[in-house]
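Read off the chains here:
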Amino acid sequence: MMALLDLLDRRWALRVMWELRQGERLTFRELQQRCGGMSSSVLAQRLCEMDEAGVVAGSDGGGYALTDEGRSLIEALGPLDSWAKRWARRSGAGERSR
């Protein structure tokens, strides 16, 4: 659990997974644009780490996508997303983050 939290706690890691969640394969440049503000060196590092962890894979065509493990992880995070949305409504946290 701690190794997973360490991976997901790295800057931009969850954002990369979020952008790949729909199942489409994105090129490095497309992914970087969707994650506006991320440097190419940080994106390359995150993709390498996530590939080593088995949650993201690149293809010969240059695109990146979630692996089966990555999709499984997104599904596992679903209840946490639901909880966060309820909490934001109750606490007004969504208003503060805008």
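Counting from 1, residues in each chain are numbered in the order their sequence is written. Side-chain atom pairs in this predicted model are given and counted only at pLDDT of 80 or more, local residue features only at pLDDT of at least 70, and totals for whole chains, interfaces and linings cover all residues. Derived side-chain values reflect all non-hydrogen atoms in the structure, with water molecules and hydrogen atoms excluded from consideration.

K.L.:
Pulling in residues and values, what's your account of the sheet that holds strand β3 (residues 63-66)?
P.N.:
DSSP calls a pair of strands paired once it identifies at least 2 bridges connecting them. By definition, any uninterrupted DSSP run of H or I lasting at least four residues is a helix, any uninterrupted run of E lasting at least two residues is a strand, and each is numbered from the N terminus. Strand order in the open sheet formed by 3 strands is β1-β3-β2, with antiparallel pairing between adjacent strands. Two strands bound the open sheet, and with one partner strand each, they are β1 (26-27) and β2 (56-58). Residues count as neighbours in contact if any of their non-hydrogen atoms are within 4.5 Å of one another. Every axis in this analysis is a line fitted to C-alpha atoms, fitted for helices over the stretch in contact. Angles between the N-to-C directions lie between 0 and 180 degrees. Contacts from helix α2 (residues 13-20) reach β1, β2 and β3, with the element oriented near 95° to β3. On top of the sheet, helix α4 (residues 40-53) reaches β2 and β3; it is set at about 110° to β2, its chief contact.

K.L.:
So what's going on with the nonpolar core? Residues and values would help.
P.N.:
Here, nonpolar core means buried Ala, Val, Leu, Ile, Met, Phe, Trp, Tyr and Cys residues that are tied together by side-chain atoms lying within 4.5 Å of each other. Residue burial is assigned from relative accessible area. The probe radius is 1.4 Å, only protein chains are included, and a residue is buried under 20% of its type maximum, exposed over 50%, and partly exposed in between. Ranked by internal contacts, the top residues of the largest apolar core, which has 17 residues, are V16, L20, L31, M50 and V56. Breaking this core down by element, the ones donating at least two residues are α1 (2-9), α2 and α4.

K.L.:
Explain the packing of aromatic side chains residue by residue, including any values.
P.N.:
The description of two aromatic rings rests on the distance between their centres and on the angle between their planes. Stacked, tilted and edge-to-face are the three classes assigned to paired rings of Phe, Tyr and Trp, where Trp is represented by its six-membered ring and a pair needs centres within 6.5 Å; plane angles under 30 degrees give stacked, over 60 edge-to-face, the rest tilted. The tally for this structure, following the rule as stated, stands at 1 aromatic pair. Ring centres of W83 and W87 lie 6.0 Å apart, and the angle between their planes is 5°; on these two criteria the pair is classed as stacked. Of this pair, W83 and W87 are both found in helix α5 (residues 68-91), 4 residues apart, which corresponds to roughly one turn of the helix. Two thresholds decide whether a charge sits over a ring: the Lys NZ or Arg CZ must be within 6 Å of the ring centre and within 35 degrees of the ring normal. R21 extends its terminal NZ or CZ atom over the ring of W18, reaching a point 3.6 Å from the ring centre.

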